[in-house]
Structure formats: C-alpha cells, structure tokens
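# Chains, contacts and geometry: an overview
Chain residues, written in single-letter form:
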Number of protein chains: 2
Amino acid sequence: MLDATSSYKIMDAAPLPVDDRTGRRIVPETTRRADRIAATRYGNRPTMKDVAARAGVGLKTVSRVVNGEPGVTPETERRVQEAIDALGFRRNDSARVLRKGRTASIGLVLEDLADPFYGPLSRAVEEVARANGALLINGSSAEDPDREQELVLALCARRVDGLVVIPAGDNHRYLEPELKAGVATVFVDRPAGQIDADVVLSDNYGGARDGVAHLIAHGHRRIGFIGDMPRIHTAAERLRGYRAAMEDAGIPVEEKWMSLGVTDPERVRRAAEEMLSGPDPVTAVFAGNNRVTVTVVRVLAEHARRVALVGFDDIELADLLQPGVTVVAQDAAALGRTAAERLFRQLDGTLVTPERIELPTRLITRGSGELPPAD
Amino acid sequence: MLDATSSYKIMDAAPLPVDDRTGRRIVPETTRRADRIAATRYGNRPTMKDVAARAGVGLKTVSRVVNGEPGVTPETERRVQEAIDALGFRRNDSARVLRKGRTASIGLVLEDLADPFYGPLSRAVEEVARANGALLINGSSAEDPDREQELVLALCARRVDGLVVIPAGDNHRYLEPELKAGVATVFVDRPAGQIDADVVLSDNYGGARDGVAHLIAHGHRRIGFIGDMPRIHTAAERLRGYRAAMEDAGIPVEEKWMSLGVTDPERVRRAAEEMLSGPDPVTAVFAGNNRVTVTVVRVLAEHARRVALVGFDDIELADLLQPGVTVVAQDAAALGRTAAERLFRQLDGTLVTPERIELPTRLITRGSGELPPAD
DNA sequence: CCCGCATCTGACAACGTTGTCCAGGCTCTA
DNA sequence: TAGAGCCTGGACAACGTTGTCAGATGCGGG
C-alpha cells in the first residue's frame, strides 16, 4: 500500500510512438538524454553539471562551492554562485544520501498525531532531531499493528538513520534485519515485543497505583477502572497499578469495577454508566488515559451524585472544571526528548546496550480526586 | 543549520593513518571496496547485487521480483525471495528516487505540532498522503520566517513531491525556483506572500465578525479583542472581522479594547486584565485563537464580574466549563484534508491554476457568549 | 529439422552527487 | 633558473536502483 509503485503516478518513461507499418517504436530525433528528461522529469531541475557548464568550471568545483569545501578561489566561487542563483539550482539530497550513506532523517511512528498526548511528544522529538541536523518523518499507526509494520518498513526503505516507535503491535521481530543493519531504534511509551531494544516509558504502574491510592486515602473503597485495550502495555500496567493499590489497602476488587476496551466515547460512556448504576455503584473512577478521562468527565457532569475522579494523563483546562480534575500527569515532551536523545547517542556510537528507562509521573490534585465517597 | 554537513556525524571516510616518517597517508592493504564500506557504511546493508549473487541470477531479475514486475518464472522468483529473506534485503528508496525522479513523500511545514489545532490538521494531511502512497515529513517553524524558509528548502533538497505550508513569513519569493521546478505547493491557514499559489483558508474575517456580532446581539457594546501578532494573516483578518461587526452595529471602537501580540499566557493575561479594569471595562471579550481563549478563560475564572467570551477555534472540554465557552470553530482536519487533496491534484496534473479556497466557520454557542453585559 | 516467435534473463547505462587522485600552474627557495 | 611544494581545478568511479535492449532458451509449426 505504501509501496511507491502504487502511488500517484510515479511517472514512468512515456511510451514511445509506434511506427504504423513496422510496428516498431520510433526513437525520436532528440538526443537520448533530453528525451529521458522530458519523459521522467517533469520539472527538469538543473544539476551540478548544468551549473558547472554555465560557470565554465568542473563538476567537482561546483560540489566544493555547494558544500563549502576549501580550495576554491573567491573569483571561481563567485562565478559558481552566480550560476547557481541564475539556474535556481538546489542540491539533490537523494543523490547525496546515496553517496554518503546517511539520510539525516529519522522516523517517528506513533498512534495518532491528532491526539493531544502525541503532539508535544512529536514536537519534542522534532526539536532534538533539528538540533542534530535531521528531519523528522512521522507516521500514525492508528493503533493497527500491520500499519505500524508497514510504516516502519517504509521508513527503513527510505533509509532513515533512526526510528522512534510507539508500538501498536507486540511482535517486532520484523525489525531484526533493520537493527542488524544499524538502524538506531528507540521505543517509547510502550516496550518492544520479542526483541531487545531501547525503551523509554512512563512509570505507568507506579503512577496508577499512586492515583488509586490517593482515592483510597480519601475514603473510597468501591473504585472503578476504565482503561484502554488490555493488549496495550500502558493499559495493562495501569491496571496492574490499580490492582496493587487496592490490594495494598486490603480491598478485594470486583470484576464489574474494571472495564478495558477501545477508548471511543460510546464504549467508555457505557462502561462508566454501568459502574455508576446498580446496587453498589462505585464512588470513584480511575480513568486510564486522556481520552477516557474526557468522556468520564462528561458522564459525571450529567450525574447527580458526586463521584471522585483521577485520570491518567493531564488534560488541558482540567484545572478550570468544577471540580478541577485530579490527574496522574506524565510528561509527553520529556518522553519524546529522552527517546530522541538516546536515538542520537546510538547514532554517535556512545550508546550500545539497550536499556529501559522509566520516567516518573506526577500526581496533580485539583479537587476531583479529593471528593469524599457519596454513598 | 539543517544542512546535513552540520549533522551528527555524517560519517566521512575515516582519516587514513599517517606514516610518521614520511607524513604520507598509508593506504591500507584491504581492498578499496571493503575499505570504503567500513569507512562510510556502518551497517553495510545487502543490495540487489548481493541478492542476485546469492540467488544466482542477474541484477535486473532481482529488481523485477522486488517490484512485482512480470516476466519471472515462479521458480526463479522463489529463489530470489529466499535470498532476500536470508540477507534481510530491503530496497534502498534513495537510489530508487534518484532513478525515478519522484520521492512519494510530501512535506508539511506548520507552526507547532504540539498545538492542538495543528495536530488534527497534520493527521488529516497524513491520511491523504497515505491514500496516495506518500509519506509525510513534518517541520515546525515555531512562527519564525527564517526557520520556515530553512525547513521548506531542506524539504525541497530532499525532493519532496509537494509541500503543504502554513507560512510564518510573508515573503515566499524564495520558493519561485522550486515552483518552477515543479514542486507542488499548497498554503494553508494563511496565504503565501508575494507569490501566486494555491491556498486553503478558514473564513477568518466572517467567523470573527459573526462571533462579535453574537456578543453585540446579546447587548454588549464594550467588547475587547485579544489576538495574535498583527503580521499573522489570520490575526489581521479576525481583527478586521471584529472591526466590521462593531462598525455594522455603529459602535465606535476604542484603541484600548484591542490588543495584538504574542499569545503566551503572560502577555494575554496582562492584556485581559487591563481591559477588565479601569473606568469603562469591557463587558465581553473576543479571543483571537485557541491559545488566547484558554488564558482568557483562566483570567475570567478569577474575576468576580461575569464577562462574556467568544473564542476563535474550538477547544476540548469547552462544553464542560461553567459557563461553556462559545466559540467560532474552524475545522482543522478539513483544512488539512482539502489542502492535501489539492496538492495531489496538482501532482496529477488535474489542477493547474492557483486558487484561493475559503472554508466556512461555525459558531457554537455554549453559554459564555450569551452572558448579558454586567456593568 | 530448422525457423520464428514468445518468454525469460542479464549486461549496461543513467539518475546526481561526492571521494580520490592527478595535472597544471603558481610561488618560493637554493 | 630550476626544483620542490602548494594550491586550484577537473576527470573519473562509485553509491543502488531502474529502463532499455539484446541474448538465451524453449516451443510449436512448416
């Protein structure tokens, strides 16, 4: 699908006209080179050769000027620069890459660029890339493992120097040849599956445990957990944190208090309403991520009974709601920055052994988590 | 800065060891090719040549298999595929690009990927790119014209097939050679400066006018406008809309009601507090974009007096605040989608003449805009 | 049995750049 | 004034791929 052959017309050579009598293709009178250009190039950009011709110098001299290499007299340099400006020449980095072996670009595969959690993360990666002279190619996996693989491999085909991946799938064996070939790789937010790779995580377990413990400390015992699909590492870890906090407090967890699944509003809404109704409704909810929190806030706003809430991930304006939403905040930008920095250290050669880095989370109390149980 | 020469080591040929006595460089015994590989390639990826050798076929046959071209017997194909898997071969798209002339990638230059307005826009562009078999390279200009130019030109050097640009600067003459060379280009959110190019905008003028008229309709006459820097097209247009609405209502605008500048919280906060104090404070505020709205909401929450508010751009959870925030919503995803689609139609050749497309905005009333003036 | 044709395969050049190496001209010194 | 050494510039190959074209092989028909 992402294969360039299936793309908008990668313009193939124009079919040659055919001689009616012989059935043979007629090679036009134009020189072969001009012909090829007309056929495959639509823009016909000037090359160093053109610049050299116009400036009356050798090819390599142009290259020297373009790359600021020494050994060119000011006068020659002026002539070359003039030709460059006149022709609107711009170096073709594809050719350069082919020659040099590095692309000075890195790839970032995440779930959804539109998610407010990934925007800052992506931006942070970009800033680090920029500081290291590299460009960033993004792709959204839409939480689909196949799409993740497709994207990652497409990026490898582009010969990105490194990859920052927020994995959707749980098997990354397919990356082995690439890793072996020297593609630097760092996983973020969730660990890689079945391969040994660098990974930068938030302390999902600890954060969730603290958040739930916070609710328990405020007197809650019937606490609901609404999270993402259990196959997603962060969701599983946060659930584990929830269970741990409950166990620490000696509260037996009931099955109906936990709901894992896709985070679209309908599902979350149903889950929340279920927990909030019935004979022994929960008095507090722990929301497993920003998407869930937003929907739960909506549901609670419609509810008469005051229900406590702690959410994982900070959300904008959380402080202005009534009550303010208490959250376990993770620092998306720090995740991205840390991952990208490790990536470039891999590229330096400074970093060799894969490591697992865990960044702390921070409980931000704003009111919703401090509501007492209203039975 | 983005020039690859200044990047993390684009590994140059390793400096040859020098003979102490003669001062000459010693060329090692190893073959030239092996030497080169060790020096410039860190990964030494297999190429089609290697695959061909291993499979015992010709180079072109491998190419045929890799690209799914016809004319290869199943048996040959099997052998080739086996070699590919065994070696972990992956086609080098840089070389492919060099040969074919198109990169199947497009560039997106925007202000800040971390801004919740640009996330969805970027994602929409990505989806269209994906549907057309292209990858997306993003860059954030951070609202700096130089950085915008640097990014755009770096993307052109990578030979992206097209560019979607949210301009930071107001002079895009520098793009002329690129346009002439056939780089498809669409500007979004703000028009290009000094060149004739496709552009997709929201109806900033009309949206702001409607929003302000809405406040006027609810009895306000002293209405403040807090917006972005006036050199930014959207800011200027929205201010124009504000003025128009006021003029339509026959309300003379006072200088102190208008504040344009950077949208960081401190500046906006000062501006808002100024308007809200003094002898004739404003009774309503029109916030020029999402950043401004968020800060103004905060300021108003601290204020005793009820002040009406309409903001440009929708913001998450705006409906859950007390009162809900009335906004003039623009559809960021639609902007991105429309722009990207036009881009690919340019690449098709379907589209030739530059056009200016304006997407409508939508007033969403939620309460804050319907508060009566509290003098 | 051989020719013609179709099918499959491979040699080769070209894409635009950069690294290597050599040539020519200059300056400087003996 | 000649030789040595330096500086500048250019010819050439190579990066890994794809398009062209021609050669090889196999098969059927005359």
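In this report, we go over the structure that sits alongside the text. (Residues numbered from 1 in each chain as written. Chains lettered and ligands numbered in written order. Predicted model: local features only at pLDDT ≥ 70, side-chain atom pairs only at ≥ 80, totals over all residues. Heavy atoms only, no water.)

## A word on the relation of the copies chain B and chain A
Worth spelling out the cut-off: C-alpha atoms of residues with pLDDT of at least 70 in both copies form the basis for the least-squares superposition of the copies. Two residues form a contact once any of their heavy atoms are found within 4.5 Å.
Note on the identical chains: chain B maps onto chain A by a rotation of 180° and an axial translation of 0.0 Å, with an RMSD of 0.1 Å. Such a combination of rotation and displacement between the chain copies is what one expects of a two-fold axis. The rotation axis passes nearest to the C-alpha of I137(B) in chain B, at a distance of 2.1 Å. Most of the interface of chain B is mirrored in chain A: 99% of its interface residues are interface residues there too.

## Here we look at the pairing of strand β4 (residues 184-188) of chain A
Residues and elements named next belong to chain A. Rule in force here: Each residue gets one of three labels from its accessible area relative to the maximum for its type: buried under 20%, exposed over 50%, partly exposed in between, using a 1.4 Å probe on protein chains only. Only DSSP runs of H or I reaching four residues or more are called helices, and only runs of E reaching two or more are called strands; each is numbered from the N terminus. Here, strands pair whenever DSSP counts at least two bridges between them.
Most of β4 sits inside the fold, with five of its five residues counted as buried. Where burial is concerned, the two faces of β4 agree: the one with A184, V186 and V188 and the one with T185 and F187 are both buried. Both strand β3 (residues 162-165) and β4 contribute to a ladder of four bridges, which runs parallel. Residue pairing for β4: L163 is matched across the bridge by T185.

## Here we look at the protein's contact with DNA strand D
Defined as follows: If a single non-hydrogen atom of a residue is within 4 Å of a molecule or strand, that residue counts as near it. We define a polar contact as two N or O atoms separated by no more than 3.5 Å, with the added condition that, inside protein, one atom must be a possible hydrogen donor and the other a possible acceptor, whereas residues neighbouring each other in sequence contribute only through side-chain atom pairs.
Lining the immediate environment of DNA strand D, one finds 31 residues, of which G58(A), R64(A), T76(A), M48(B) and R99(B) sit closest. Each atom of DNA strand D within 4 Å of the protein was classed as base or backbone; sugar and phosphate made up 63%. Within the backbone of G58(A), one N or O atom sits 2.3 Å away from a phosphate oxygen of DNA strand D. Contact distances for DNA strand D include 3.0 Å between a base nitrogen and a side-chain N or O atom of K60(B). Every element with two or more residues in the surface near DNA strand D is listed here: α3 (59-66) and α5 (93-100) of chain A together with α3 (59-66) and α5 (93-100) of chain B.

## Things to note about the protein's contact with DNA strand C
Heads up, the rule is: Residue polarity is assigned by list, with Asp, Glu, Lys and Arg as charged and Ala, Val, Leu, Ile, Met, Phe, Trp, Tyr, Cys and Pro as nonpolar; anything else, Gly included, falls into the polar class.
Not every one of the 32 residues close to DNA strand C is listed here, only the nearest: R99(A), G58(B), T61(B), R64(B) and T76(B). Sugar and phosphate atoms form 64% of the subset of DNA strand C atoms that lie within 4 Å of the protein. Of all the elements in the fold, those that place two or more residues in the surface near DNA strand C are α1 (32-40), α3 and α5 of chain A together with α3 and α5 of chain B. Broken down by element, the surface near DNA strand C gets its largest block of residues, five residues, from α5(A). When the residues that make up the surface near DNA strand C are grouped by side-chain class, the tally is nine nonpolar, 10 polar and 13 charged.

## A few points about the nonpolar core
The nonpolar side chains of soluble globular proteins are, as a tendency, buried together. Operational definition: Buried residues of nine kinds, namely Ala, Val, Leu, Ile, Met, Phe, Trp, Tyr and Cys, make up a nonpolar core once their side-chain atoms join them within 4.5 Å.
One finds I226(A), Y242(A), I226(B) and Y242(B) to be the most contacted residues of the largest nonpolar core, which totals 92 residues. Contacts of Y242(A), omitting those with residues within four sequence positions, involve A208(A), V212(A), I223(A), G224(A), F225(A), V253(A), W257(A) and M258(A). Formed by 56 residues, the second largest nonpolar core is a distinct cluster that contains V128(A), V186(A), V186(B) and L347(B).

## Description of the pairing of strand β4 (residues 184-188) of chain B
Of the strand pairs in this sheet, β4(B) and strand β5 (residues 198-202) of chain B are connected by three bridges, and their pairing is parallel. Within β5(B), the position partnered with F187(B) by the bridge is V199(B).

## Points about the sheet that holds strand β6 (residues 223-227) of chain B
Residues and elements named next belong to chain B. Formally: For helices, the fitted line uses only the C-alpha atoms of the stretch in contact; every axis is such a line through C-alpha atoms, and the angle between N-to-C directions lies from 0 to 180 degrees.
Taken together, the six strands give an open sheet; going across it, the order is β7-β6-β8-β9-β10-β12, and neighbouring strands pair in mixed fashion. Every other strand in the sheet has two partners, leaving β7 (258-260) and β12 (362-364) as the edge strands with one partner each. Along the sheet, successive strands turn relative to each other by an average axial angle of 15°, direction set aside. With three bridges joining them, strand β9 (residues 308-312) and strand β10 (residues 326-329) adopt parallel strand pairing. Bridge pairing in β10 places F312 opposite V328. The strands that helix α9 (residues 204-217) touches are β6, β8 (284-287), β9, β10 and β12; relative to β9, the one it contacts most, it runs at about 170°.

## Observations concerning the interface of chain B and chain A
Using the following cut-off: Whenever a carboxyl oxygen of Asp or Glu lies within 4 Å of a side-chain nitrogen of Lys or Arg, that contact is scored as a salt bridge.
With 89 residues of chain B in contact, the opposing surface of chain A contributes 88 residues. The interface formed by chain B and chain A includes 18 salt bridges. Note that E127(B) and R147(A) form a salt bridge whose closest N and O atoms lie 2.8 Å from each other. Where chain B touches chain A, the interface holds 28 residue pairs in polar contact (both at pLDDT 80 or more). Put simply, the parts of the chain that give the side of chain B that touches chain A at least two residues each are α1 (32-40), α5, α6 (118-131), β2 (135-140), α7 (145-157), α8 (176-180), α12 (290-302) and α13 (332-348) of chain B. Its residues assigned to classes, the side of chain B that touches chain A comprises 39 nonpolar, 20 polar and 30 charged.

## Considering the packing of α6(B) against α13(B)
Residue and element names in this part refer to chain B. Convention followed: The sense of a crossing depends on the near helix, which, turned anticlockwise from the far helix by less than a right angle, makes the crossing left-handed and, turned clockwise, makes it right-handed.
Two elements in contact, α6 and α13, have axes whose closest approach is 7 Å; the angle formed by their N-to-C orientations is 35°. Regarding α6 and α13, the two cross each other, and that crossing is right-handed. Contacts from P120, L121, A124, V125, V128 and A129 in α6 reach A332, A333, L335, G336, R337, A340, E341 and F344 in α13. Its residues placed into classes, the contact of α6 with α13 shows 11 nonpolar, one polar and two charged.

## Brief notes about the sheet that holds strand β8 (residues 284-287) of chain A
All names here are of chain A. Spatially, six strands are ordered β7-β6-β8-β9-β10-β12 in an open sheet, and the strand pairing comes out mixed. Two strands bound the open sheet, and with one partner strand each, they are β7 (258-260) and β12 (362-364). Ignoring strand direction, the axes of neighbouring strands in this sheet form an average angle of 15°. One ladder, built from four bridges, connects strand β6 (residues 223-227) with β8; its direction is parallel.

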